Amino acid sequence: MDILKMAAAIEPPNEEALREAELRQENLLKPMGSLGRLETISIQIAGITGKVKNAAGKKVLYLFGADNGVYEEGVAATPQHFTRALMENYASGKKCAINVLCAHCGVELRVVDMGVKDGVGHPNIDDCRLMDGTRNFLREPAMDPKTALTAMEIGWGYAKEAKEQGVDLVGNGEVGMGNTTTAAACIMAACGLIDPEGIVGRGAGLTDEAFSRKKAVIGEALQKYRLSPEDAVSILSCVGGLDIGAMVGLYLGCGYFRLPIVADGVISIAAALLAYRLNPLIKDYIIPSHLSEEPAYRIAADEMGLKPVLALNMRLGEGSGCPIMMQVVETALAAMNDMCTFGEESLETDYREDITM
Ligand SMILES: Cc1cc2ncn([C@H]3O[C@H](COP(=O)(O)O)[C@@H](O)[C@H]3O)c2cc1C
Ligand SMILES: O=C(O)c1cccnc1
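Residues numbered from 1 in each chain as written. Chains lettered and ligands numbered in written order. Predicted model: local features only at pLDDT ≥ 70, side-chain atom pairs only at ≥ 80, totals over all residues.

**With respect to the nonpolar core**
Where we set the bar: By convention the nonpolar core is taken to be a set of buried residues drawn from Ala, Val, Leu, Ile, Met, Phe, Trp, Tyr and Cys and joined through C-beta atoms within 7 Å. Three classes are used. A residue is buried when 20 or more other C-beta atoms lie within 10 Å of its own, exposed when 12 or fewer do, and partly exposed in between, with C-beta atoms placed from the backbone. Starting at the N terminus, helices and strands are each numbered in turn, a helix being any DSSP run of H or I of at least four residues and a strand any DSSP run of E of at least two. The split of the chain into domains comes from an automatic or database domain assignment. The contact criterion used is a C-beta to C-beta distance within 7 Å, with each C-beta placed from the backbone.
Ranked by size, the top nonpolar core spans 121 residues in total, and within it C186, I187, Y251, L252, A270 and L274 carry the most contacts. Considering each element in turn, this core owes the most residues, 11 residues, to helix α11 (residues 266-278). No fewer than three residues from each of domain 1 (3-53 + 336-352) and domain 2 (59-328) sit in this core. Setting aside residues no more than four positions away along its own chain, L274 makes contact with C186, A190, A232, I235, L236 and V248.

Okay, structure coming up:
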């Protein structure tokens, strides 16, 4: 497949369904706009599916694991083998954050190895390994452009699978020590920014010294590659990761197959931004969840005009914002589907014509 061609074929939301959904929201028995983001989310999903009333019964979160060569520059505090250990825990249903949140919120968790160092090899993990961790991007591009495209195709494949399996809502997550470094580098490159100060954060935690090093590594790499903000594939291959690549493809595939996809934190939004550079229409298929504490999150979200719904002071990753947000989405759809209208309750009067909401 030519994923770039497929990405270019993503279509805008269904205008007629959007209009009908807006009209229904206006007629529900409440002051206009009073359900705020619950209204706009239900209208957004109508535009995606082409139907005013939608379900969110079947929810899946795809979690992509990969290691990052830039780890060797000292940009992360956690031992690198934690990537592999965490993957094993997710797959065996142990009580990691994402296991508990998904179980509580009725979301199926799928775990995919995109290139965890030494491999995970667990029966509940899809083996999609493209490399044994990427290369150190300070020295050389993290991966070949061809590998970047293959990672995207793998993610796209999961969107296709979700469509075939009748999934209503897709989520994404990641694990990989050092991936707040790759995510920040991708966001900066895609926004044409070169000064890491105030953009790069401490990820899963860092000493002051390592934090300075992390910023210096990203700054130096961006100087070296001089990436064009529009060239998402070069950004991904030079300073990205295999997890981010798969997520880019998942977003694009969800756009193509007309599935709503919930975004998580800074790594997830970095992938969304690269997908947006490939086709800006993708933004209408994305439902942002929470505002990550990592400062680069806000830059990427603002660039796309996406406003996170939740402010929970979270900075975890793993897709942890998605199951929480999926519950909000389900609630939004319940209001749209099940509330009565003014007309149905014989309350139709002219009172709404003269007031300002
Ligand atoms: C125990 C633990 C569980 C995690 N789950 C997600 N992350 C998150 O932290 C990592 C990125 O942070 P950095 O760039 O600083 O390495 C990723 O694995 C991300 O998913 C975790 C990190 C740790 C330590
Ligand atoms: O926002 C995130 O997704 C995040 C923040 C810190 C560490 N890992 C992930």
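**Section: the domain arrangement of the protein**
Split by domain assignment, the protein resolves into domain 1 (3-53 + 336-352) and domain 2 (59-328). One C-alpha centre belongs to domain 1, the other to domain 2, and the line joining them spans 30 Å. Counting residues at the interface gives 16 residues for domain 1, matched by 18 residues for domain 2. Counting residues per element, the ones that place at least two in the side of domain 1 that touches domain 2 are α1 (3-8) and α3 (36-49). Counting residues per element, the side of domain 1 that touches domain 2 draws most heavily on α3, which supplies 7 residues.

**Topic: the environment of G305**
Mapping G305 onto the fold places it in the loop between α12 (295-304) and α13 (321-338). Judged by the 9 C-beta atoms lying within 10 Å of it, G305 is exposed. Residues G305 and A46, spaced 259 residues apart in sequence, show a C-alpha to C-alpha distance of 19 Å.

**Points about the site of ligand 2**
Quick reminder of the rule: Nearness is defined per residue: the C-beta atom, placed using the backbone, must lie within 6 Å of the molecule or strand. Residues are sorted three ways: Asp, Glu, Lys and Arg are charged, Ala, Val, Leu, Ile, Met, Phe, Trp, Tyr, Cys and Pro are nonpolar, and all the rest, Gly among them, are polar.
In the region of ligand 2, the neighbouring residues are T180, G203, A204, D264, G265, V266, I267, S292, E294, R315, L316 and G317. In the shell around ligand 2, the residues fall into 4 nonpolar, 5 polar and 3 charged.

**Quick look at the sheet that holds strand β5 (residues 261-263)**
Heads up, the rule is: When DSSP finds two or more bridges between a pair of strands, those strands are recorded as paired. Fitted lines through C-alpha atoms serve as axes, helices being fitted only where they are in contact, and the angles separating the N-to-C directions of these axes extend from 0 to 180 degrees.
Reading across the sheet, the 6 strands line up as β3-β2-β1-β4-β5-β6 and stay open at both edges, with parallel pairing between neighbours. Both edges of this open sheet fall to β3 (125-127) and β6 (286-288), since each of them pairs with a single strand only. Going from strand to strand, the sheet's axes swing by 30 degrees on average, the running direction of each strand aside. Along the sheet face, helix α4 (residues 82-91) touches β1 (59-66), β2 (108-115), β3 and β4 (169-175) and points at about 150 degrees away from the line of β2. The strands that helix α10 (residues 242-256) touches are β1, β2, β4, β5 and β6; relative to β1, the one it contacts most, it runs at about 150 degrees.

**Some details on the site of ligand 1**
In the vicinity of ligand 1 lie 17 residues, with A76, T180, G203, A204 and G317 positioned nearest. At the level of secondary structure, the elements contributing two or more residues to the shell around ligand 1 comprise α4, β4 and α7 (179-190). For the shell around ligand 1, the element with the most residues is α7, which contributes 3 residues. The residue inventory of the shell around ligand 1, partitioned by class, reads 7 nonpolar, 8 polar and 2 charged.

**Considerations on α4**
Spelled out, the test is: An arc is given here, and it is the one of the directions from the helix axis to the C-beta atoms.
Turning to α4, its buried residues are T83, R84, L86, M87, Y90 and A91. One face of α4 carries all of its buried residues, which in axial projection span an arc of 165 degrees. The inward-facing, buried residues of α4 contact β1, α5 (97-105), β2, β3 and β4. Phi turns positive, to about 70 degrees, at G93, one or two residues after α4.

**A short note on the packing of α10 against α11**
Operational definition: Throughout, the term roughly parallel applies to angles under 35 degrees, roughly antiparallel to angles over 145, roughly perpendicular to angles from 65 to 115, and oblique to all others. Helix crossings fall into two classes, left-handed where the near helix is turned counterclockwise from the far one by less than a right angle and right-handed where it is turned clockwise.
The interhelical angle for the contact between α10 and α11, taken along N-to-C directions, is 55 degrees, at an axis separation of 8 Å. Between α10 and α11, the angle is such that the two are oblique. Where α10 crosses over α11, the handedness of that crossing is right-handed. Between α10 and α11, the residues in contact are D243, I244, M247, V248, Y251 and L252 and I267, S268, A270, A271, A272, L274, A275 and L278, respectively. Of the residues that constitute the contact of α10 with α11, the class distribution is 12 nonpolar, 1 polar and 1 charged.

**Some thoughts on the environment of I43**
Following the sequence through the fold, I43 ends up in helix α3. I43 sits in the buried class, given 23 other C-beta atoms within 10 Å. As a C-alpha pair, I43 and L333 span 290 residues in sequence and 9.1 Å in three-dimensional space. The contacts of I43, once residues within four sequence positions are left out, are L18, A21, E22 and Q25.

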